[in-house]
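Each chain is listed here by its residues.
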Amino acid sequence: MKLKFSVVAIVLEVAMIILFGYFVEYETEQINLQQPNTTNSTKVDRFLELHSLFQDVHVMIFVGFGFLMTFLKNYGFSSVGINLLIAALGLQWGTFMWGIVHNHGQKIHIGIKNMINGDLSTATVLISFGAVLGKISPTQMLVMTILEIAAFVGNEYLVGEIFKASDIGASMTIHAFGAYFGLAVAGILYQPSLRKGHEMEKSAYHSDLFAMIGTLFLWMFWPSFNSVIAETGEKQYMAIVNTYFSLVACVLTAYAFSSLVEKRGRLDMVHIQNATLAGGVAVGTCADMKIHPYGSMIIGSIAGIVSVFGFKFLTVYHGHAGSCSRFFHRNGSCWRADHRFNSQVHCPWTTI
Amino acid sequence: MKLKFSVVAIVLEVAMIILFGYFVEYETEQINLQQPNTTNSTKVDRFLELHSLFQDVHVMIFVGFGFLMTFLKNYGFSSVGINLLIAALGLQWGTFMWGIVHNHGQKIHIGIKNMINGDLSTATVLISFGAVLGKISPTQMLVMTILEIAAFVGNEYLVGEIFKASDIGASMTIHAFGAYFGLAVAGILYQPSLRKGHEMEKSAYHSDLFAMIGTLFLWMFWPSFNSVIAETGEKQYMAIVNTYFSLVACVLTAYAFSSLVEKRGRLDMVHIQNATLAGGVAVGTCADMKIHPYGSMIIGSIAGIVSVFGFKFLTVYHGHAGSCSRFFHRNGSCWRADHRFNSQVHCPWTTI
Amino acid sequence: MKLKFSVVAIVLEVAMIILFGYFVEYETEQINLQQPNTTNSTKVDRFLELHSLFQDVHVMIFVGFGFLMTFLKNYGFSSVGINLLIAALGLQWGTFMWGIVHNHGQKIHIGIKNMINGDLSTATVLISFGAVLGKISPTQMLVMTILEIAAFVGNEYLVGEIFKASDIGASMTIHAFGAYFGLAVAGILYQPSLRKGHEMEKSAYHSDLFAMIGTLFLWMFWPSFNSVIAETGEKQYMAIVNTYFSLVACVLTAYAFSSLVEKRGRLDMVHIQNATLAGGVAVGTCADMKIHPYGSMIIGSIAGIVSVFGFKFLTVYHGHAGSCSRFFHRNGSCWRADHRFNSQVHCPWTTI
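Residues numbered from 1 in each chain as written. Chains lettered and ligands numbered in written order. Predicted model: local features only at pLDDT ≥ 70, side-chain atom pairs only at ≥ 80, totals over all residues. Heavy atoms only, no water.

1. A closer look at the relation of the copies chain A and chain C
What counts is decided by this rule: What sets the superposition is a least-squares fit of C-alpha atoms, and only residues with pLDDT of at least 70 in both copies go into it. By definition in these notes, contact holds between two residues if any of their heavy atoms fall within 4.5 Å.
Least-squares fitting of chain A to chain C yields an RMSD of 0.0 Å, with the superposition described by an axial translation of 0.0 Å and a rotation of 120°. Here the two chains are linked by the operation of a three-fold rotation axis. Considering only C-alpha atoms, the residue of chain A closest to the rotation axis is Ser52(A), which sits at 3.9 Å. Taken together, the interface assignments show that only 10% of the residues at the interface of chain A recur at the interface of chain C, consistent with different surfaces on the two copies.

Written out as structure tokens, the structure reads:
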């Protein structure tokens, strides 16, 4: 048992080094066959230009996702620590897989785009991580990271390159995919004997404040997340502005409906930590389109409302739908990432 | 009671969506009458150029102000949570009000400047928020946000456009205005029966560490705050450099005088959390002028000293000026934002 | 005693103001003798171009180093608070010393490079700070800051300008220098009576989570640290990419070996907080060279392993090498910054 994790981690890292040795080169080593007018200095300029958006996304991955899940007081270390482990593996494997698939098996030339796609692949795994936190061992997480990113890259290639679907903020390929994948794994790992593990999932005062660090860094930098893979220029500008206004509108409706559905009109920290982010996910698919600021605000407002109702609706089932409510409680952090699917997803899983 | 907050929040969000639908457009839709040589790509370049300074200010608003006020152990959730709510409303209303006033009722074209001014309007409300934390309901906060930003934009238009006063870091229009507004509201809300509420205002070990997160993000990014609305180029360079040196000098004098005025030379966390920021506020008005690095350091040094003395001077009144000292204790977080006015403000309020 | 700290701090700040008054000017005031084709606007462009990398390093200094050391539950305030004090003095003194030495006593023209070098000088002192935390008074820290930065700048001038050694990430001049300097000071300050102070050094659940804030901000922004003084363009691109891949590889081996050396395969938070950073230090010296991504990953992997073994090896001595193990426990935070020297440094200090 002790050896298993160490051996798996070392084998994976050695494999990454071998794969990178054979397939990955600097961007500046690329022979310019396709774009003969792109010099090395143009590439490097582009690298530094996108670097600050990339850093925003990087902070979301490590601080945002890492601290978001510290709200469970007994999983504080696990969530921040395992988050870092998964992300470190995910960045390498995601960079490689995405590069190999999109370059059709040719050498990968590491630029800012590859590093961004590494981060996005990792985000998918971290969303699924929320669904299985506390039920899965670090070794299983490493294996899941490898499998899920392979599936994600394949799916993303299909959606983006074959179907040519527009999904700039990757709401479908990242958020929906990550949430469903996590639920599927959680379903497989489900053990009825774990049912009384509820008390481990309580939150505490300080753990909720730590979770707010995660929420805020995700909330603030979501416009960068939705715009970082957009075409530079007008599209990128629109993706930033639209996401920004969707997020601010979402906060107001999330608070309003949180107060409405809770006893004595009190705000629920779980809604504040989660539903406020729904605006970023909801606008993701069309963030680079001309939906106008008020359009973004309408999308964000609805996302905030749906998200709070999703949470509440599931809690209603708490008493009489044992395993399901337990399941959804466990999955609190999964829903944080993609609340819009609450109602649909709820049904298939009531039978577990 | 329960309905009131939800209804107010929803009505406000609907109003924002309607106002934005009528008045707000993308910057790239603007017909270039005034600046015929500005193409869309120039505007978008400018957007991305200022985007990283904007993100710094954004972090100050949400993480900086949000966590700064978590030092009161019973108001941790309130401060971070309500901070997010107010800021989300303030960004929308501030963007609209500022745009309408400066465009004389014409359509607003959303660029990075509008978004920055939204953040600055919000900062004003968050400074006032410190004065009323624990005494005001979320519903009242929403109403106060609407009123204060309207007053702020009017005042800022008067100072900047009519009087043509120089106030690059907005020390007068934001910090002084926000502090006085908050004190006025707190005075109106004052109830003698609340006097024994003191124990709610205690800080705890961990809550003080959370507050340091707020302090540090405010301190580090203050040069961006003071330079973000400066003219690009030399003025912006000077605003960054001057604020930077004012802040570092301020830390040393704040620590020195904190140790001097406290028993047995111990440092007071309240001074560390607050007085270290006085340097940023103090240099704000003249940050883009040629005051030289040593000039900034002198301004910062004096700000640190005045701020610590302000805190200490007020505490002296603790015993024999009941309501006032209580009042000022409550207002700890107000003073964090603008310490230079301690002594002046102290007087008018002794009569409460 | 009470006066001593205040007097030293005030005298130092007054000295800084006088030195800056005589020697420091704006970059835009520089008469262009050496580079006649560099106009003011070119300089200012360069300033803003490097500003976002500079901000990353700034966050590392204040949030990264500050929170990294909060893992000792009784030193939370000291570490964040004194970190801010030292850094504020270090930035001023480092900017001055580095400028005077590199300009051969001529006037210093403050640009982004000077501000970056101020941050790097400060990093050296903060690494040493880890070794003496809890054993040194704030007054002594101020004096140590002055002496160490003077020594650092002299050493850095020798290594970089006279020997022309390559050390882009400053692994030798900053990390090794800082670690040894701290150990030397700690050795001088060593008092056998402090031996039973062990219980003060315990970490607590929440303090470990605060320390993770420091770890993550250091980890995420280390590529900026290693690239910020590189030549702009291809060198900077390589320094970012190489450090990035060294860091991700390091996380996997650090976790694998942490699990291997600990009882029942559990992960040790101390390893997670520290060894994960070894990859950034290890690749520092050669980060801007063409070592290829897989080369960086090999360097990072080895750094992770060596770092964990360093920690474990020292703990083995816990029982029978009293002062030394005590010493090294105290110095936990020193090792966080430079683990590669564990084994060498261990020997000279067993005799204390």
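2. Side note on the interface of chain A and chain C
Note the cut-off: Two parts placed together each lose some accessible area under a 1.4 Å probe, and adding up what both lose gives the buried area. A pairing counts as a salt bridge when a side-chain nitrogen of Lys or Arg comes within 4 Å of a carboxyl oxygen of Asp or Glu. Distance and chemistry together define a polar contact, namely a pair of N or O atoms within 3.5 Å, with one atom able to donate a hydrogen and the other to accept it when in protein, and with adjacent residues in sequence counting only for side-chain atoms on both sides. Each helix is a run of DSSP H or I of at least 4 residues and each strand a run of E of at least 2, with the numbering of both proceeding from the N terminus. The residue classification treats Ala, Val, Leu, Ile, Met, Phe, Trp, Tyr, Cys and Pro as nonpolar and Asp, Glu, Lys and Arg as charged. All others, Gly included, are polar.
Counting residues at the interface gives 52 residues for chain A, matched by 53 residues for chain C. Overall, the association of chain A and chain C removes approximately 4600 Å² of surface from exposure, summing both partners, and the carbon and sulfur fraction of that is 79%. On inspection of chain A and its partner chain C, the count reaches zero salt bridges. Viewed at the interface, chain C and chain A are joined by nine residue pairs in polar contact (both at pLDDT 80 or more). Mapped by element, the contributors of at least two residues to the side of chain A that touches chain C are α1 (2-23), β1 (24-26), α2 (40-68), α3 (76-102) and α7 (205-227) of chain A. Among the elements that take part in the side of chain A that touches chain C, α2(A) stands out by supplying 13 residues, more than any other. When grouped by side-chain class, the residues that make up the side of chain A that touches chain C number 31 nonpolar, 16 polar and five charged.

3. Here's the deal with the packing of aromatic side chains
Quick note on the threshold: In summary, the pairing rule links any two rings of Phe, Tyr or Trp, Trp by its six-membered ring, whose centres are within 6.5 Å, and it sorts them by plane angle into stacked for under 30 degrees, edge-to-face for over 60 and tilted for everything else.
Under the defined criterion, the tally for this structure stands at 48 aromatic pairs over all chains. Clustering of aromatic rings is evident, with ring pairs tying together Phe67(A), Phe210(A), Phe67(B), Phe210(B), Phe67(C) and Phe210(C).

4. Some details on the interface of chain B and chain A
You'll often see interface size given as the accessible area lost when the parts meet. With 52 residues of chain B in contact, the opposing surface of chain A contributes 53 residues. Summed over both sides, the interface of chain B with chain A buries roughly 4600 Å², with 79% coming from carbon and sulfur. There are zero salt bridges connecting chain B and chain A. Applying the counting rule to chain B against chain A returns ten residue pairs in polar contact (both at pLDDT 80 or more). When contributions to the side of chain B that touches chain A are tallied by element, the ones reaching two or more residues are α1 (2-23), β1 (24-26), α2 (40-68), α3 (76-102) and α7 (205-227) of chain B. For the side of chain B that touches chain A, the element with the most residues is α2(B), which contributes 13 residues. Residues of the side of chain B that touches chain A, tallied by class, amount to 31 nonpolar, 16 polar and five charged.

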